[in-house]
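The lines below spell out each chain.
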Amino acid sequence: MGRQFELTHRGRALAVRVRPIDDAWELWLYENGRELALADVLSIDDATLARRNGSADPVADAVSRIRIRLDAGEIRLPS
């Protein structure tokens, strides 16, 4: 398994797990080991560019954006 970030949303303990795919990383939301939703896709080229522009960790930045999108209701989770 790749990288994993823990977060809580509306009382639910979630994890964002990173899966490598061709030229990108998919960021999936999980709860209790169960896959819930694809939350974001980060291209390796975009991650490399972000590093060059000063981002210490483009994946962690993407997770922060996922938190914001969850709070805004842009990402819907199954109950």
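The backbone of D23 sits at a positive phi, close to 60 degrees, despite the residue not being glycine. Following the sequence through the fold, D23 ends up in the loop between strand 2 (12-21) and strand 3 (24-31). Accessibility expressed as a relative area gives 64% for D23, which makes it exposed. Although it is not a glycine, N32 sits at a positive phi angle of roughly 50 degrees. In this structure, N32 sits in the loop between strand 3 and strand 4 (34-43). On the accessibility criterion, N32 (78% relative accessible area) is exposed.

Let us look at the pairing of strand 4. Note: strand 3 against strand 4, eight bridges, orientation antiparallel. When the bridges of strand 4 are listed, W28 appears paired with L38. In textbook terms, the turn of a hairpin is the stretch between consecutive antiparallel strands, and for strand 3 and strand 4 this stretch comprises two residues, one of which, N32, has a positive phi near 50 degrees.

Within the largest apolar cluster, 19 residues are counted, with the highest numbers of intra-cluster contacts made by V16, L27, L29, I66, L70 and L77. Looking at this core, the elements that each hand over two or more residues are strand 1 (4-9), strand 2, strand 3, strand 4 and helix 2 (58-71). Looking at which element gives the most residues to this core, the answer is helix 2, with five residues. In this view, L29 contacts L14, A15, V16, R34, E35, L36, A37, A39, I66, L70, I75 and L77; residues no more than four positions away in its chain are not counted.

Moving on, we come to the packing of aromatic side chains. Counted according to the given criterion, the structure contains zero aromatic pairs. Over the face of the ring belonging to Y30 we find R17, whose NZ or CZ atom lies 4.1 Å from the ring centre. If you follow R19 out to its NZ or CZ, it ends over the ring of W28, 4.5 Å from the centre.

To continue, consider the side chain of H9. Here H9 is to be found in strand 1. In this structure H9 touches L14, L70, D71 and L77, once residues within four positions along its chain are discounted.

Moving on, we come to the sheet that holds strand 4. Ordered by their spatial adjacency, four strands build an open sheet running 1-2-3-4, and the pairing between neighbours is antiparallel. If you trace the sheet from one side to the other, it starts and ends with strand 1 and strand 4, each paired once. Ignoring strand direction, the axes of neighbouring strands in this sheet form an average angle of 25 degrees. Note: strand 1 against strand 2, six bridges, orientation antiparallel. What sits directly across from T8, in strand 2, is A13. Contacts from helix 1 (residues 44-52) reach strand 3 and strand 4 within the one sheet, and its direction differs from that of strand 4 by about 60 degrees. Each of strand 1, strand 2, strand 3 and strand 4 is contacted by helix 2, which is oriented at about 20 degrees to strand 1, the strand it contacts most.

What counts and how
- Residues numbered from 1 in each chain as written.
- Predicted model: local features only at pLDDT ≥ 70, side-chain atom pairs only at ≥ 80, totals over all residues.
- Heavy atoms only, no water.
- Helix = DSSP H or I, 4+ residues; strand = E, 2+ residues; numbered from the N terminus.
- Buried < 20%, exposed > 50% of the residue type's maximum accessible area, 1.4 Å probe, protein only.
- Pairing = 2+ DSSP bridges.
- Core = buried A, V, L, I, M, F, W, Y, C linked by side-chain atoms within 4.5 Å.
- Contact = heavy atoms within 4.5 Å.
- Phe/Tyr/Trp six-rings, centres within 6.5 Å; stacked < 30°, edge-to-face > 60°.
- Lys NZ or Arg CZ within 6 Å of the ring centre and 35° of its normal.
- Axes fitted to C-alpha atoms, helices over the stretch in contact; angles between N-to-C directions.

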